[in-house]
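Examination of the molecular architecture
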Amino acid sequence: MNHLPQAWGRPRDDVYGAYDASHFQMSGPTQHSSRPIVTGTSVVAVKFKDGVVIAADNLASYGSLARFTDVKRLRTFNSKSVLGFGGDVSDMQYLDRLLNSLSVRENYSTSIDDSGKSDLDAHNLHRYLSKVMYKRRSDFNPLWNHILVAGLGEKDAPFLASVDLLGTTFSSPTLATGFGAHLAQPILRRQVPDEAASKELSQEKAVELIRECMKVLFYRDARSMDKYSIAVISKSGVDLKEDEKLENQSWAFAEGIRGYGTQVN
Amino acid sequence: MASVFSGAPPAGGPGYSFKSTPTPSQASGIREHSFYPYADNGGSTLGISGADFTILAGDTRSTSGYSINTRYEPKLFKIGGEGPDHVGATLVLSVVGFAADGHALKERLDTIVKMYKYQHGKPMSVAACAQRLSHMLYGKRFFPYYVHAILGGLDEEGKGALYSYDPVGSYEREQCRAAGAAASLIMPFLDNQVNFKNQYMPGSGEGHALQQRVPEPLPRADVEALVKDAFDGAVERHIEVGDGLQTMIITKEGIEERYAPLKKD
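A brief look at the structure comes next. Model, not experiment: these values are computed from the prediction.

1. A look at the packing of helix H4 (residues 180-191) of chain A against helix H6 (residues 203-220) of chain A
Residues and elements named next belong to chain A. Where H4 meets H6, the axes come as close as 10 Å, and the angle between the chain directions of the two elements is 150°. The pairing of H4 with H6 is recorded here as roughly antiparallel in orientation. In terms of crossing hand, the pair formed by H4 and H6 is right-handed. Residues Gly180, Leu183, Ala184, Ile187, Leu188 and Gln191 of H4 lie in contact with H6, whose contacting residues are Leu209, Ile210, Cys213, Val216, Leu217 and Arg220. Split by residue class, the contact of H4 with H6 holds 9 nonpolar, 2 polar and 1 charged.

2. A few points about empty space enclosed by the protein
Residue and element names in this part refer to chain B. Inspection of every chain in the model, using the stated rule, returns 4 cavities of 30 Å³ or more. In this model, the largest cavity occupies a volume close to 130 Å³. Along the walls of the largest cavity sit 15 residues, with Pro74, Lys75, Val95, Val96 and Ala99 positioned nearest its centre. Per-class residue counts for the lining of the largest cavity are 6 nonpolar, 6 polar and 3 charged.

3. A look at the pattern of salt bridges
Under the counting rule described, the total for this entry stands at 28 salt bridges over all chains. Between Lys135(A) and Asp139(A) there is a salt bridge whose closest N-O contact spans 2.5 Å. Under the relative-accessibility criterion, Asp139(A) is labelled partly exposed at 36%. One salt-bridge network, in which partners are shared between bridges, spans Arg127(A), Lys131(A), Lys106(B) and Glu107(B).

4. Remarks on the environment of Leu74(A)
Residues and elements named next belong to chain A. Tracing the chain through its elements places leucine 74 in strand E6 (residues 74-77). Take leucine 74: its relative accessible area is 4%, and that puts it in the buried class. With 18 residues separating them along the chain, leucine 74 and alanine 56 place their C-alpha atoms 6.9 Å apart. Those residues in contact with leucine 74 that lie beyond four places of it in its chain are Ile54, Ala55, Ala56, Val82, Leu83, Gly84, Ser229, Ile230, Ala231, Leu240 and Glu242.

5. Let's talk about the nonpolar core
Residues and elements named next belong to chain B. Grouped together as the largest cluster of nonpolar side chains are 34 residues, with contacts concentrated most on Leu93, Leu105, Leu109, Leu133, Leu151 and Tyr165. Among the elements of the structure, strand E5 (76-79), strand E6 (91-97), helix H1 (99-120), helix H2 (126-139), strand E7 (147-154) and strand E8 (160-165) are those that each provide at least two residues to this core. Considering each element in turn, this core owes the most residues, 7 residues, to H1. Those residues in contact with tyrosine 165 that sit more than four places away from it in its chain are Ala130, Gln131, Leu133, Ser134, Leu137, His148, Ala149, Leu151, Ser170 and Tyr171. The next biggest cluster of nonpolar side chains, apart from the first, holds 25 residues, and it includes Leu46, Leu226, Ala234 and Val241.

6. Some points on the sheet that holds strand E1 (residues 44-49) of chain B
Neighbouring strands of a sheet are bound in pairs by backbone hydrogen bonds; such pairs are parallel or else antiparallel. All names here are of chain B. Strand order in this open sheet of 5 strands is E10-E1-E2-E11-E12, and the pairing throughout is antiparallel. One side of each edge strand has no neighbouring strand; the edge strands of this open sheet are strand E10 (176-180) and strand E12 (254-261). The sheet shows a mean angle of 15° between the axes of neighbouring strands, direction not considered. As paired elements, E1 and E10 share 5 bridges and run antiparallel to each other. Counted as the bridge partner of threonine 45 is alanine 179 from E10. Each of E1 and E10 is contacted by helix H3 (residues 183-193), which is oriented at about 170° to E10, the strand it contacts most.

What counts and how
Residues numbered from 1 in each chain as written. Chains lettered and ligands numbered in written order. Predicted model: local features only at pLDDT ≥ 70, side-chain atom pairs only at ≥ 80, totals over all residues. Heavy atoms only, no water. Axes fitted to C-alpha atoms, helices over the stretch in contact; angles between N-to-C directions. Helix = DSSP H or I, 4+ residues; strand = E, 2+ residues; numbered from the N terminus. Parallel < 35°, antiparallel > 145°, perpendicular 65-115°, else oblique. Left-handed = near helix turned anticlockwise from the far one by under 90°. Contact = heavy atoms within 4.5 Å. Nonpolar A, V, L, I, M, F, W, Y, C, P; charged D, E, K, R; others polar. 1 Å grid on protein atoms, 1.4 Å probe; cavity = no way out; pocket = protein on both sides within 12 Å on 5 of 7 lines; lining within 4 Å. Points joined across faces, edges and corners; volume = space filled by probe spheres on them. Salt bridge = Lys/Arg side-chain N within 4 Å of Asp/Glu carboxyl O. Buried < 20%, exposed > 50% of the residue type's maximum accessible area, 1.4 Å probe, protein only. Core = buried A, V, L, I, M, F, W, Y, C linked by side-chain atoms within 4.5 Å. Pairing = 2+ DSSP bridges.

The structure is reproduced here in structure tokens:
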């Protein structure tokens, strides 16, 4: 023990060597997220004649580990829109907080008349999100998500559009993120090839179509789950169900698949 | 006696047996970001100027890799005019490459052209707008807008004006230009059909004595046919081009916008 009380009780440099302070990261560039960690998989959505149906499963994966099995990846906004998040879950939760504060600010700063005209509609929300996402990618600090915005736009017309971590935006009568872009989108496009077809589609058919896509995704996407959320947005409001279970699963169709594995033809 | 516990090691005396402050570690050298802030959204655009008109055209497919994002995402934008619908606009910008950068560029240029009219009380000339666009692109020289832009309008004499750009702002006024994924397929066709390259006057001589056919502004009907042929050819040979053809024709009467289907395969 020496006469310097500051040193008492600390490991001595002459015994243990100098303290390795490298983990303090005093220098070097600021680290931004360079990959997603806890992730959600596909989101699928389709426009029908007076609204939009959107669905995503309730799983948040940690790599190949099915880590969180009760994560709600659909979020309502202003009772006119629903957002579906694919990609990083913590970035989703950040955006959720951001949109909550936006919603509070909007509700205090605008007077809502009986028509509710001053509400931000799905179109406004999508524009806002795309600016946030593009700003973050331009700062090299992206929010690692691919988001579908479903709801009612101008004049209560069905609205469906997407924005991703680069700020790329596009709109289509049917949309799917992640694995769904490969598996679900062809199924959706077969039923709804264009805007005209979506204006003919009934709500029941749209829901049935989305449920079918969720089933196909569960069969073939290893990062998916059979518990999912589904939302229908129409003039009568948002009908969000967060505890749906896939039904009538059957691998019977597998019998008919030929050309893989042991049977060659 | 407060100085006894001042914390500073006595001058010239023995120091602490540990370093109380962590020394900054060496920077870990060059670190690579795994985030790449650009994407290629495919598609192709072209512009041809005539004696009293300019035509711009672009396909409406948006892609990422082998996936089709949507079959309708316009690449042609009216610039200036009144309000969000650009009433009375006389300029058209086409952008192809990274769609998010394209949107950001178009919104900035549109704001600038509108502000110009408020501040100067007259609409911006196409030459002034062209130079401003070059400066905007060069302003991001070290983090470029990853787009090939083409700007069309009518010059002060009422002649068709067409300016083409590279991603960092090099620009030139031309008779015709193709940009984007199928530029290498369309441009040689335009060289031959608009600027009459490799076309010689019959019987004007042998070898070097042959005289090149002199290019002259083409009539509107011919140009419209050329645009259709160019895209029908590109759709056949390039997978990122297709779905729909958006055309804008700028004359002294204003901007006429058209849509025609292309092959969706």
